[in-house]
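Understanding the architecture of this molecule
This is what each chain is made of:
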Amino acid sequence: MTSINSLTSDNEKRGKLLFLSALISLFMFVTKITQVQSQETILNIYLTSAIYFVASFLGLLWAFNFQVKKQSFLYLLQSSLFVFSEVLFIEFFFFQKFNRIYEAFLLLILLFLVFLGNYGSFLMANVFNVNLFKKIPLVHVGRTTSYVLSLLMLYFLSFSFLGTGLPIYLLLPIFLVVLFFIVLVHYMNIGLEQGELFRKTFFTVFVVFCLFLGSFLLGTSHEIISVVPVVGLLVCVSVVSQETMNIEVRFGSFIYIAVIVFVFLLNLLLNIIQ
């Protein structure tokens, strides 16, 4: 009887998470399609994103039947921040009001991917939350999902912050705070102990921030600049996640570093051309 109740509860939660993901994607599509102004103001974009953030947070609490612990709020914040970053990215990517039909189809395809991303993010939060009550093997899948979502969030937010046109004295501190949160929560998700947690978080944040700063000062293309910190995070997490640096990891790190150098050179080339 207990297992049947548990199965019913799991199916109910998955249904709620699916509904929440679909609802968010649908609202994003309808809102953008029915946009009246030729361009949204930056303040409105951030307010809209904040509304989706709050709605996602409260929606997850509802989907989890309010069965959460103190640490659960980190998982809720991580998933809600992912939705926030998606909305920002969509808004800045489609900054203008639609004038062509193909743009609407492109948005529809993009929002289908957003739906999948949201659902994966919500399932991840659910896995970590359930793991606080009883240990489950799916937590390893949740950790992998956390890794992928951290990379996507960093790209979305980097692109959006650059698109905002903030002065450098605001851009860098905001980017630093968001980066610290993304890295810290992911390292907590993969189970780093307290002593290692902050040391490796600060190491990763320092490396990624330096790469972002260098890329920002060199380049002009937001799409290209935003790739550099993502690759930096990819390298750092790959290194941190390994107990020992075997040959495969060294080779992988060499590839990542080569990609960073390539993106830096591409940034420089685009800057010279423009």
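You'll find the structure just up there.
Notes on the structure in this doc start here.

**Thoughts on the overall build of the protein**
Helix and strand counts for the protein come out as 10 helices and zero strands. Along the protein, helices (α) and strands (β) appear in the sequence α-α-α-α-α-α-α-α-α-α when read from the amino end. Split into buried and exposed, the 274 residues of the protein put 44% on the buried side. Expressed as a percentage of contacts within the protein between residues at least 6 apart in sequence, the contacts between residues at least 24 apart total 79%.

**Points about the nonpolar core**
In this structure, Met28, Leu179 and Tyr187 are the most contacted members of the largest nonpolar core, which totals 60 residues. Elements supplying a minimum of two residues to this core: helix H1 (2-33), helix H2 (42-63), helix H3 (72-93), helix H4 (101-133), helix H5 (139-164), helix H6 (168-189), helix H7 (194-218) and helix H9 (227-240). Ranked by residue count, the leading element in this core is H3, at 11 residues. Setting aside anything within four residues of it in sequence, one finds Leu179 in contact with Leu154, Val205, Val208 and Phe209.

**Considering empty space enclosed by the protein**
Per the counting criterion, the structure on display carries one cavity of 30 Å³ or more. Roughly 60 Å³ of internal volume is contained in the largest cavity. If you trace the largest cavity, you find it lined by Met28, Thr31, Lys32, Thr48, Tyr52, Val87, Ile90 and Glu91. Secondary-structure elements contributing two or more residues to the lining of the largest cavity are H1, H2 and H3.

**Here we look at H3**
The end-to-end C-alpha separation of H3 is 32 Å, in line with the 32 Å expected for 22 residues at 1.5 Å each. Judged by how many residues are buried, H3 sits mostly within the fold: 18 of 22 residues are covered.

**Regarding unusual backbone geometry**
The residue Asn65 is not glycine, and still its phi comes out positive at about 55 degrees. Structurally, Asn65 is set in the loop between H2 and H3. Assessed through its relative accessible area of 25%, Asn65 is described here as partly exposed. The backbone of Phe66 shows a phi angle near 60 degrees, a positive value even though the residue is not glycine. When you line up the elements, Phe66 lands in the loop between H2 and H3. Judged by relative accessible area, Phe66 falls into the exposed class, the value being 57%.

**Let's talk about the layout of surface pockets**
Of the volumes computed, that of the largest pocket is approximately 290 Å³. Along the wall of the largest pocket there are 14 residues; nearest its centre are Arg14, Asn126, Val127, Ile136 and Leu138. Looking at the lining of the largest pocket, the elements that each hand over two or more residues are H1, H4 and H5. Among the elements that line the lining of the largest pocket, the one with the most residues is H4, at six residues. Classifying every residue of the lining of the largest pocket gives seven nonpolar, four polar and three charged.

**Comments concerning the pattern of salt bridges**
Close approach of charged atoms lets side chains of opposite charge pair. In total, this model carries two salt bridges according to the counting rule given. Across the pair Glu12 and Lys16 runs a salt bridge, and its minimum N-O distance is 3.5 Å. With a gap of four residues between them, Glu12 and Lys16 both fall in helix H1, about one helical turn apart. Look at Glu12 and you get partly exposed, because its relative accessible area is 39%.

**A short note on the environment of Phe198**
Note on placement: Phe198 falls in helix H7. Judged by relative accessible area, which is 32%, Phe198 ranks as partly exposed. Sequence separation of Phe198 and Leu184 is 14 residues, and the distance between their C-alpha atoms is 7.6 Å.

**What about H5?**
The periodicity of an α-helix, 3.6 residues per turn, causes residues three or four places apart in sequence to face the same way. Here H5 contains 26 residues, and its C-alpha end-to-end distance of 36 Å stays within 8% of the 38 Å for a straight helix at 1.5 Å per residue. Of the residues flanking the end of H5, it is Gly165, one or two places downstream, whose phi is positive at about 75 degrees.

**Description of the packing of aromatic side chains**
To describe a pair of aromatic rings, one takes the distance between the centres and the angle between the planes. If you walk through the whole model with that rule in mind, you get 15 aromatic pairs. Of the aromatic side chains, those joined through ring pairs into one cluster are Phe82, Phe89, Tyr155, Phe156 and Phe159. The residue whose ring lies beneath Lys69 is Phe133, and the NZ or CZ to ring-centre distance is 4.9 Å.

Here is what the cut-offs are and how they apply
- Residues numbered from 1 in each chain as written.
- Predicted model: local features only at pLDDT ≥ 70, side-chain atom pairs only at ≥ 80, totals over all residues.
- Heavy atoms only, no water.
- Helix = DSSP H or I, 4+ residues; strand = E, 2+ residues; numbered from the N terminus.
- Buried < 20%, exposed > 50% of the residue type's maximum accessible area, 1.4 Å probe, protein only.
- Contact = heavy atoms within 4.5 Å.
- Core = buried A, V, L, I, M, F, W, Y, C linked by side-chain atoms within 4.5 Å.
- 1 Å grid on protein atoms, 1.4 Å probe; cavity = no way out; pocket = protein on both sides within 12 Å on 5 of 7 lines; lining within 4 Å.
- Points joined across faces, edges and corners; volume = space filled by probe spheres on them.
- Expected span 1.5 Å × (residues − 1).
- Nonpolar A, V, L, I, M, F, W, Y, C, P; charged D, E, K, R; others polar.
- Salt bridge = Lys/Arg side-chain N within 4 Å of Asp/Glu carboxyl O.
- Phe/Tyr/Trp six-rings, centres within 6.5 Å; stacked < 30°, edge-to-face > 60°.
- Lys NZ or Arg CZ within 6 Å of the ring centre and 35° of its normal.

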